[in-house]
Amino acid sequence: MKKWVLVCGSVFVVALATSPVALADGTEEDFTARDLVEQAIGILQGQPQQTELIMDKLRGALEDDEPEGVDAALVARAMDAVEAGRNDEAIAILAGSIGVAADSALHQPESAEGFKWPNTRSDRILFGFAAIMIAVGGVIARRER
Amino acid sequence: MSAASEPQPRRSRRRRFLDALDERLGLRSLAYPVPEHANKLAYSLGGLSLAAFLFLLASGIVLAQYYNPAPGSAHQSVRAIVTDLDLGRVLRGFHYWMAMAMVVLVGLHLLRVLVSGAYKRPREGNWILGLTLAGISAAFFFSGTVLKWDQEALEALEHNIEIARILGRFGYWLSPAFGGVALLHRLYTLHVAILPAVFLMLAAAHLLLVKRHGMAPSPFRTEDAPEPTEPFSRHLRRLGGFALMLGGIVLVAAILVPPGHGPAPVEGIEVTKPPWPMLWLYPIENWVGVSGILWATLLIFAALLVIPFIDRGPEVRPRRRLKVLIPTAITVVIIIGLIVYALITPVATHIGSG
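Note that the coordinates shown come from a computational prediction; the quantities given were computed from them, not determined experimentally.

Per-residue pLDDT for chain A averages 81, and the proportion of residues at 70 or more is 70%. Residue range residues 19-28 of chain A is modelled with pLDDT below 50. Its contacts to residues more than four positions away, or to other chains, number 18 contacts.

Set out below in structure tokens:
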């Protein structure tokens, strides 16, 4: 048994060590100006405190040789908003700079879902149904002494 | 009048119905004796994991009617389930929280088997089957995380692609270069077809082996006299009760704490952290790089795999098996510590850094 484990383990390690890593995927992407603006929006939504990174992305977008589909004037305005800490405004401007509505689902996260008391009829019915499931389950599961 | 000619008492309608079912389904054969300790909650965790899977299967089938796995439409289809579909938010929340519950139940079941020494001869094969099922559960969790196709999902997929690079030819299926069909679509096929089929087959084998070997003895029993037994049907009844409670608790969670759905994914940035079951790998990735995820996971599974072959004696009492249980406890504490540490550290960029 130990011999088989050693043999199989050795074969695995050798195969892994000699595999051409580039088989999986090897190409590096070049990001367009539009990509960089979308990345800046993504960082503003996910990690708004990374101001330097956001500004790097936007400078990269402005410096792009072929900024198709990007309104450079709006990007510059958005940079001012980012520097002033007006992140929501910056997102709206940047969305406009690439022709996407700021309130489109593509660029707006679902509102952060914290605790939500059941306030619709269907939610309350389901809540009651869940309570019944728990109660009935408890009765069924009780141990007979 | 003799006994043979005395009229038989008339059976109630309920009794006749149950007798008819038993004749056709053999239900009374489920009343075989099992040790009394099998009816404790700790010995129902495996069954509860299976119940969680069945709940996920049912809710997943409904979700699949509204989900579009094409990369250009996946995010919008999830958003539509949450915002436009009647009870869609609760349905998705149920699936999400039941997945979390299954991760916890599988982990607790594994720990219970480990602590009680139920992997020992002749149950080594079933231990390996169980580990494989745990691995499949992890694959379910990962692929399900990707399918929602928001920023967190894309970053999870990008880590997957980096690990595929490290694996070379072993990771070719996981790379975008395979086949010509989008990786998201292939992960969808994995999540809704391949993994459920393999899981069910292996779960059936796992349960059959439990039946074959019988319940492992309790490691805490000190009496010499044989342990009292109870019918297995009583274990099933309690398990059914626990499963109902599980369903009810998860439904409450789905209503009160619905999961969010992030923005549409943007390539080239890392602004999220993984969900909590994978969060312990985040600091390792910070220190070692993406390859740390692969090696840490393989190390844990390899260590678990060899336990029955290291701890081979017949002793099952935990106090006499400290050489296995102490490292296990240390590992669990380290994993919890890594999760807490990951929660407080800032988001870092890993893709492209090794």
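Moving on: unusual backbone geometry. Residue and element names in this part refer to chain B. Of note, the bond from Arg-121 into Pro-122 is cis; its omega dihedral lies within 30 degrees of zero at 5°. Among the structural elements, Pro-122 can be located in the loop between α4 (88-115) and α5 (124-147). The phi dihedral of Leu-87 falls on the positive side, at around 60°, and the residue is not glycine. Assignment of secondary structure puts Leu-87 in the loop between α3 (74-83) and α4. Of the residues examined, Leu-87 reaches a relative accessible area of 42% and is grouped as partly exposed. Even without being glycine, Trp-149 reaches a positive phi, approximately 55°. Topologically, Trp-149 is positioned in the loop between α5 and α6 (151-167). Trp-149 sits in the buried class, given a relative accessible area of 10%.

Before going further, it helps to spend a moment on the pattern of salt bridges. All names here are of chain A. Counted under the stated rule, the structure contains 15 salt bridges over all chains. Among the ionic pairs, Glu-38 bridges to Arg-34, the shortest N-O distance being 3.9 Å. Within this pair, Glu-38 and its partner Arg-34 are both found in helix α2 (residues 33-46), separated by four residues, close to a single helical turn. The class of Arg-34 is partly exposed, set by a relative accessible area of 31%. The partner of Asp-56 in a salt bridge is Arg-59, and the shortest N-O contact between them spans 2.9 Å. You can see Asp-56 and its partner Arg-59 sitting in helix α3 (residues 51-63), three residues apart, about one turn around the helix.

Moving on, we come to the environment of B:Pro277. Residue and element names in this part refer to chain B. As for its position among the elements, Pro-277 is in the loop between α8 (232-256) and α9 (281-288). Looking at Pro-277, the relative accessible area reads 17%, which means it is buried. In this structure, the C-alpha to C-alpha distance between Pro-277 and Ile-339, residues 62 residues apart in sequence, is 8.3 Å. Sequence-distant contacts of Pro-277, defined by excluding residues within four places in its chain, comprise Met-100, Val-103 and Phe-141.

Quick notes on the rules
Residues numbered from 1 in each chain as written. Chains lettered and ligands numbered in written order. Predicted model: local features only at pLDDT ≥ 70, side-chain atom pairs only at ≥ 80, totals over all residues. Heavy atoms only, no water. pLDDT = per-residue confidence, 0-100. Contact = heavy atoms within 4.5 Å. Helix = DSSP H or I, 4+ residues; strand = E, 2+ residues; numbered from the N terminus. Buried < 20%, exposed > 50% of the residue type's maximum accessible area, 1.4 Å probe, protein only. Salt bridge = Lys/Arg side-chain N within 4 Å of Asp/Glu carboxyl O.

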